[in-house]
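Summary of the model geometry
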Amino acid sequence: EMQRSLVGSEMCIRDSSKAMRSALSYGTPDEQIDEFIRYLGRHIGADRIYIFEDCPKKNITKNTYEWCADGVKPEIDNLQNVPMELIGWWYDLFEQKKNVIIDDMEDIKETHPDTYELLSGQNIHSLVVVQFRYKDEIKGFFGVDNPPDTDSIGLALFLDMMSTLIISMIKICLLYTSDVADDKA
């Protein structure tokens, strides 16, 4: 058991390192984030991998980045200005520093019907979602739809580790975007 755990950890570190190297071969921070999640999505073998950034003043969250496997319909355009209360129970878990793991969407049909309707309409059967924080505040989340039937808790730990890199990349992207805007002014 310990040996398998160490092998899995080593693989996670190697894969995240490869993903970062691949991302850094792109020019802009936006392109780097897109490449990073593309690399992870292909490696994990998921249908979709995505990043949502929160706008607490408006009480909404926005799908800002998305990668989809071949044959999977992109949802990013449909997931702008999503009311945070629609997935309020996710934020309750995030506040407790827990992740959202749904191994079977049918498990939430009765307890969280609004979330069930939103997700099942996107052909999502299972998911793993982790929060990302900046200065101990929840700033959004990073998730994987329909991951392979593997260790969901291990995947959540891996995504949690990656979320630290992602919030750093988003912060760099925001700085880069404001610098480019300043240069044009």
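See the structure shown above.
Notes on the structure follow. All values reported here derive from a predicted model rather than from experimental measurement.

1. Some details on the pairing of strand 5 (residues 127-134)
Moving residue by residue along a regular strand, the side chains alternate between the two faces of the sheet. Within strand 5, six of the eight residues are buried, which leaves it mostly tucked inside the rest of the structure. In the sheet, strand 4 (residues 100-102) pairs with strand 5 via three bridges, with the strands oriented antiparallel. Its bridge partner being in strand 5, Ile-102 is matched across the sheet by Leu-127. In this structure, strand 5 lies alongside strand 6 (residues 137-145), joined through eight bridges in antiparallel fashion.

2. Brief notes about unusual backbone geometry
Phi is positive for Asn-59, which is not a glycine, with a value near 60°. By the element assignment, Asn-59 lies in the loop between strand 1 (48-55) and strand 2 (60-68).

3. Observations concerning helix 4 (residues 113-120)
Each α-helix winds once per 3.6 residues, and so residues spaced three or four apart point in a common direction. All of the buried residues in helix 4 are Thr-115, Tyr-116 and Leu-119. The buried residues of helix 4 all sit within an arc of 100° when viewed along its axis, so they share a single face. What points out from helix 4, more than 90 degrees from its buried face, is the exposed set Asp-114 and Glu-117. Summarising the contacts, the buried residues of helix 4 are in contact with helix 3 (88-95), strand 4 and strand 5.

4. Describing a nonpolar patch on the surface
Together, Ile-101, Ile-153 and Leu-157 give the surface a local cluster of nonpolar side chains, amounting to about 290 Å² of exposed area. The residue Leu-157 is located in helix 5 (residues 152-184) in this model.

5. Concerning a negative patch on the surface
Together, Asp-103, Asp-104, Glu-106, Asp-107 and Asp-149 give the surface a local cluster of negative charge. Looking at where Asp-107 falls in the secondary structure, it is placed in the loop between strand 4 and helix 4. The class for Asp-107 is exposed, based on a relative accessible area of 57%.

6. Quick word on helix 2 (residues 29-44)
Here helix 2 contains 16 residues, and its C-alpha end-to-end distance of 22 Å stays within 8% of the 22 Å for a straight helix at 1.5 Å per residue. If you check which residues of helix 2 are buried, you get Pro-29, Gln-32, Ile-33, Glu-35, Phe-36, Ile-37, Leu-40, Gly-41 and Ile-44. Following helix 2 by one or two positions, Gly-45 has its phi on the positive side, about 85°.

Procedures and definitions
Residues numbered from 1 in each chain as written. Predicted model: local features only at pLDDT ≥ 70, side-chain atom pairs only at ≥ 80, totals over all residues. Heavy atoms only, no water. Buried < 20%, exposed > 50% of the residue type's maximum accessible area, 1.4 Å probe, protein only. Helix = DSSP H or I, 4+ residues; strand = E, 2+ residues; numbered from the N terminus. Pairing = 2+ DSSP bridges. Arc of directions from axis to C-beta. Contact = heavy atoms within 4.5 Å. Patch = residues over 30% accessible without salt bridge, like charges linked within 9 Å, V, L, I, M, F, W, Y side chains within 5 Å. Areas by Shrake-Rupley, 256 points an atom, 1.4 Å probe, with all protein chains shown as cover. Salt bridge = Lys/Arg side-chain N within 4 Å of Asp/Glu carboxyl O. Lys, Arg positive; Asp, Glu negative; His and termini not counted. Charge placed at Lys NZ, Arg CZ, Asp CG, Glu CD. Expected span 1.5 Å × (residues − 1).

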